[in-house]
Amino acid sequence: MARDDYAPDLSHLGQPLSVGDALARAMRRTLDTFSPRCPYRVGDTVIGDDPFSGRREGVVVWRDRRSVGVKTTYGVFFFDHRLVKPLD
């Protein structure tokens, strides 16, 4: 086995790495792979329709795996990516 196949040893940085921490990181990366992703990119023009915030149209300025930040003339509003549609 190559040396790169092992978990990184952070003990030289003053932070020892336990087996549990390494397994938790690996599990988190695996679960993030299968979580829903946002299909919009920063700079896309979209319409966000939320029952609480109302309908807002603007430009995507921030995105995460599940939400987007839409900059409008009234400020930045954050929507779940399932409530946002592309502007035609």
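Just above, that's the structure.
First, a word on what this report is: a plain description of the structure on this page. (Residues numbered from 1 in each chain as written. Predicted model: local features only at pLDDT ≥ 70, side-chain atom pairs only at ≥ 80, totals over all residues. Heavy atoms only, no water.)

Glancing now at the pairing of strand 4 (residues 75–80). Where strand 3 (residues 67–72) meets strand 4, six bridges bridge the pair, whose relative direction is antiparallel. What sits directly across from Ser67, in strand 4, is Asp80. Hairpin geometry of strand 3 and strand 4 is characterised by an intervening segment of two residues between the two adjacent antiparallel strands. (Pairing = 2+ DSSP bridges. Helix = DSSP H or I, 4+ residues; strand = E, 2+ residues; numbered from the N terminus.)

Read across the sheet, five strands follow the order 4-3-2-1-5 without closing on themselves; strand pairing throughout is antiparallel. Two strands bound the open sheet, and with one partner strand each, they are strand 4 and strand 5 (84–86). Each strand axis lies, on average, 45 degrees off the axis of its neighbour in the sheet, ignoring direction. (Axes fitted to C-alpha atoms, helices over the stretch in contact; angles between N-to-C directions.)

We now examine the packing of aromatic side chains. In this description, an aromatic ring pair is defined by two values, namely the gap between the centres and the angle between the planes. Under the defined criterion, the tally for this structure stands at one aromatic pair. Ring geometry for Trp62 against Phe78: centres 5.5 Å apart, planes inclined by 80 degrees, an arrangement best described as edge-to-face. Note that Trp62 is positioned in strand 2 (residues 54–63) and Phe78 in strand 4, a separation of 16 residues in sequence. Since its relative accessible area comes to 39%, Trp62 is described here as partly exposed. (Phe/Tyr/Trp six-rings, centres within 6.5 Å; stacked < 30°, edge-to-face > 60°. Buried < 20%, exposed > 50% of the residue type's maximum accessible area, 1.4 Å probe, protein only.)

Before going further, it helps to examine a nonpolar patch on the surface. On the surface, Val59, Val61, Trp62, Val76 and Phe78 cluster together into a nonpolar patch covering about 440 Å² of accessible area. Where the nonpolar patch is concerned, the elements lending two or more residues are strand 2 and strand 4. Ranked by residues supplied to the nonpolar patch, first place goes to strand 2 with three residues. (Patch = residues over 30% accessible without salt bridge, like charges linked within 9 Å, V, L, I, M, F, W, Y side chains within 5 Å. Areas by Shrake-Rupley, 256 points an atom, 1.4 Å probe, with all protein chains shown as cover. Salt bridge = Lys/Arg side-chain N within 4 Å of Asp/Glu carboxyl O.)

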